[in-house]
Amino acid sequence: MKHKFIDMHCDTVSELYYRKRDGKPYSLYENELDIDVKKLQAGGAYVQCFAMFTHLPSVKSAYEYANTLADLYYDELRKNSEYQQTPFTDGTKQPRQDD
């Protein structure tokens, strides 16, 4: 039986933001961080929660910073939409049989 996992915390979005801000390559699909789409697929991830981590002493406005991270997150979700899956895609309250 292949086991699935759920990861409830991930600061990948803020790390991607720093790379973008610094003019470095960034991608949710594949990167050198702990979490990316390819690693999640290879590891059998069932759910991944992403945090909009905000280190309060280093930002002028936590609200604006968190919104900037959220914008980046949604942009990356759109770029990688083909890899996303809702557990109950048929509209039922039951998981698909292959889950």
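Located above this text is the structure these notes cover.
Calculation notes
Residues numbered from 1 in each chain as written. Predicted model: local features only at pLDDT ≥ 70, side-chain atom pairs only at ≥ 80, totals over all residues. Heavy atoms only, no water. Axes fitted to C-alpha atoms, helices over the stretch in contact; angles between N-to-C directions. Helix = DSSP H or I, 4+ residues; strand = E, 2+ residues; numbered from the N terminus. Parallel < 35°, antiparallel > 145°, perpendicular 65-115°, else oblique. Contact = heavy atoms within 4.5 Å. Nonpolar A, V, L, I, M, F, W, Y, C, P; charged D, E, K, R; others polar. Buried < 20%, exposed > 50% of the residue type's maximum accessible area, 1.4 Å probe, protein only. Polar contact = N/O pair within 3.5 Å; in protein donor to acceptor, adjacent residues only side chain to side chain.

1. Looking at the packing of helix α1 (residues 12–21) against helix α3 (residues 62–79)
Packed helices, taken two at a time, are described by their axes: the angle between them and the distance between them. Relative orientation of the contacting elements α1 and α3 amounts to 90°, with a least axis distance of 10 Å. With respect to α3, the axis of α1 lies roughly perpendicular. Packed against α1, whose contacting residues are V13, S14, L16, Y17, Y18 and K20, the element α3 presents Y65, T68, L69, L72 and Y73 at the interface. When grouped by side-chain class, the residues that make up the contact of α1 with α3 number eight nonpolar, two polar and one charged.

2. Some details on the environment of R19
Along the chain, the position of R19 falls in helix α1. Classification of R19 by relative accessible area gives buried; the value is 16%.

3. Focus: α1
Helical geometry: 3.6 residues make up each α-helical turn, so side chains three or four residues apart lie on a common side. All buried positions along α1 are accounted for by T12, V13, S14, L16, Y17 and R19. Contacts from the buried residues of α1 go to α3. Two residues or fewer past α1, G23 is found with a positive phi of approximately 75°.

4. Quick look at the side chain of Q48
Take Q48: it is sitting in strand β2 (residues 45–48). Of note is the side chain of Q48, whose polar atom sits 3.3 Å from the side chain of D7. With residues up to four places along the chain from it excluded, the contact list for Q48 reads D7, H9, C10, I35 and L40.

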